[in-house]
Amino acid sequence: MDLARSTTAGELMGALGITRGAAQGLAELVRRLTLVLPDALAALAAGRLDLPRARVLAEATELLDAAAARRRRDRGRPLGRAVPAGVALAGRTRRDHR
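Calculation rules
- Residues numbered from 1 in each chain as written.
- Predicted model: local features only at pLDDT ≥ 70, side-chain atom pairs only at ≥ 80, totals over all residues.
- Heavy atoms only, no water.
- Helix = DSSP H or I, 4+ residues; strand = E, 2+ residues; numbered from the N terminus.
- Buried < 20%, exposed > 50% of the residue type's maximum accessible area, 1.4 Å probe, protein only.
- Contact = heavy atoms within 4.5 Å.
- Areas by Shrake-Rupley, 256 points an atom, 1.4 Å probe, with all protein chains shown as cover.
- Lys, Arg positive; Asp, Glu negative; His and termini not counted.
- Salt bridge = Lys/Arg side-chain N within 4 Å of Asp/Glu carboxyl O.
- Polar contact = N/O pair within 3.5 Å; in protein donor to acceptor, adjacent residues only side chain to side chain.
- pLDDT = per-residue confidence, 0-100.

As a further point, take the overall build of the protein chain. The helix and strand inventory of the protein chain stands at 6 helices and 0 strands. Looking at the protein chain residue by residue over its 98 residues, the buried ones come to 27%. Taking contacts inside the protein chain between residues at least 6 apart in sequence as the whole, the part at least 24 apart equals 45%. Total accessible area on the protein chain stands at roughly 6400 Å², and carbon and sulfur atoms take up 54% of it.

Put into structure tokens, the structure is as follows:
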């Protein structure tokens, strides 16, 4: 782990009173949402996606880099299509995404 990630995890531990592992996981989720899944981050900020589902989305796309995620988005596969089957966006059912 590099210095920036370690420092971020340390700050999160102190501010939120969570363990190092939880802080590292949260820091990685934030990094992934910011760099690879900005549409998901925007949906999270707007209340259209909740945190547990954002985590699922980040884990489901873990093997995609930022360029691959952009290509997926640019091919007309918006956030709703990227969510794995059985996972609904906040306030919506799977049926709303068909």
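Turning our attention to the side chain of Arg-32. Within the secondary structure, Arg-32 sits in helix α2 (residues 20-35). The charged side chain of Arg-32 is buried without a salt bridge, its nearest counter-charge being Glu-28 at 5.8 Å. A polar side-chain atom of Arg-32 sits 3.3 Å from the main-chain carbonyl oxygen of Ala-58. With residues up to four places along the chain from it excluded, the contact list for Arg-32 reads Leu-37, Ala-58, Thr-61, Glu-62, Leu-63 and Leu-64.

With 74% of its residues at a pLDDT of 70 or more, the protein chain has an overall mean of 78. Between residues 92-98, whose pLDDT stays under 50, and residues either more than four places distant or in other chains, the model counts 11 contacts.

This part takes up the side chain of Thr-61. With respect to the helices, strands and loops of the structure, Thr-61 is situated in the loop between α4 (51-60) and α5 (66-74). Under the relative-accessibility criterion, Thr-61 is labelled buried at 7%. At 2.9 Å, the side chain of Thr-61 forms a polar contact with the backbone oxygen of Leu-57. Ignoring anything within four residues of it in the chain, the contact list for Thr-61 reads Arg-32 and Leu-37.

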